[in-house]
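Next come the chains, spelled out residue by residue.
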Amino acid sequence: MIGTQSDPGIMVRVMEDLFVHSHHQGKQQGVQYKVSVSFLEVYNENIRDLLSDVEEYLDLREDPIKGPVVSSITEIEATSGQEIMQLLHQGNSKRSQAA
């Protein structure tokens, strides 16, 4: 799904297209899009934040406006597909089981 540097997979292509398309549409419509990224793992009924350096389990909460949310999860504003792919690689290295 990720592919290689010389032959990028569908995830890399979709992330790049997301930013190209949102930038183009934003210019046409006079709006600016913001992309926030979180990466979590649910393993043995425990939730872990894979983008945080803190090794602790997180809680699932019900927000009256947003619905179900993971409390204290890291949210990073991404500006490119390449940045998202770096975050995915970073998170994958912290998983309990191999990707």
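Everything here concerns the structure above.
Residues numbered from 1 in each chain as written. Predicted model: local features only at pLDDT ≥ 70, side-chain atom pairs only at ≥ 80, totals over all residues. Heavy atoms only, no water.

Re the sheet that holds strand E2 (residues 40-43)
Think of a sheet as strands paired side by side through backbone hydrogen bonds, with each pair either parallel or antiparallel. Taken together, three strands build an open sheet; the order of strands is E2-E3-E4 and the sheet is antiparallel. Where the open sheet ends on each side, the last strands, each with one partner, are E2 and strand E4 (57-58). When E2 meets strand E3 (residues 46-49), the two strands line up antiparallel, connected through four bridges. What sits directly across from Val-42, in E3, is Ile-47. (Pairing = 2+ DSSP bridges. Helix = DSSP H or I, 4+ residues; strand = E, 2+ residues; numbered from the N terminus.)

Concerning the pattern of salt bridges
Enumeration according to the criterion identifies four salt bridges in this entry. Arg-48 is the salt-bridge partner of Glu-55, the closest N and O atoms lying 3.9 Å from each other. Overall, the relative accessible area of 62% leaves Glu-55 in the exposed class. Across the salt bridge formed by Arg-61 and Asp-59, the nearest N and O atoms sit 3.2 Å from each other. Put simply, Glu-41, Arg-48 and Glu-55 are held in one network by salt bridges that share partners. (Salt bridge = Lys/Arg side-chain N within 4 Å of Asp/Glu carboxyl O. Buried < 20%, exposed > 50% of the residue type's maximum accessible area, 1.4 Å probe, protein only.)

So, the side chain of Glu-41
One can find Glu-41 in strand E2. At a separation of 2.7 Å, a polar atom in the side chain of Glu-41 contacts the side chain of Arg-48. Within the local environment of Glu-41, its side chain forms a polar contact with the backbone nitrogen of Ser-96, the two atoms lying 2.8 Å apart. Ignoring anything within four residues of it in the chain, the contact list for Glu-41 reads Asn-46, Ile-47, Arg-48, Leu-50, Arg-95, Ser-96 and Gln-97. (Polar contact = N/O pair within 3.5 Å; in protein donor to acceptor, adjacent residues only side chain to side chain. Contact = heavy atoms within 4.5 Å.)

Quick word on empty space enclosed by the protein
Tallied over the entire structure, the rule returns one cavity of 30 Å³ or more. Lining the largest cavity are Arg-48, Asp-49, Ser-52, Val-54, Glu-55, Glu-56 and Lys-94. Partitioning the lining of the largest cavity into residue classes produces one nonpolar, one polar and five charged. (1 Å grid on protein atoms, 1.4 Å probe; cavity = no way out; pocket = protein on both sides within 12 Å on 5 of 7 lines; lining within 4 Å. Points joined across faces, edges and corners; volume = space filled by probe spheres on them. Nonpolar A, V, L, I, M, F, W, Y, C, P; charged D, E, K, R; others polar.)

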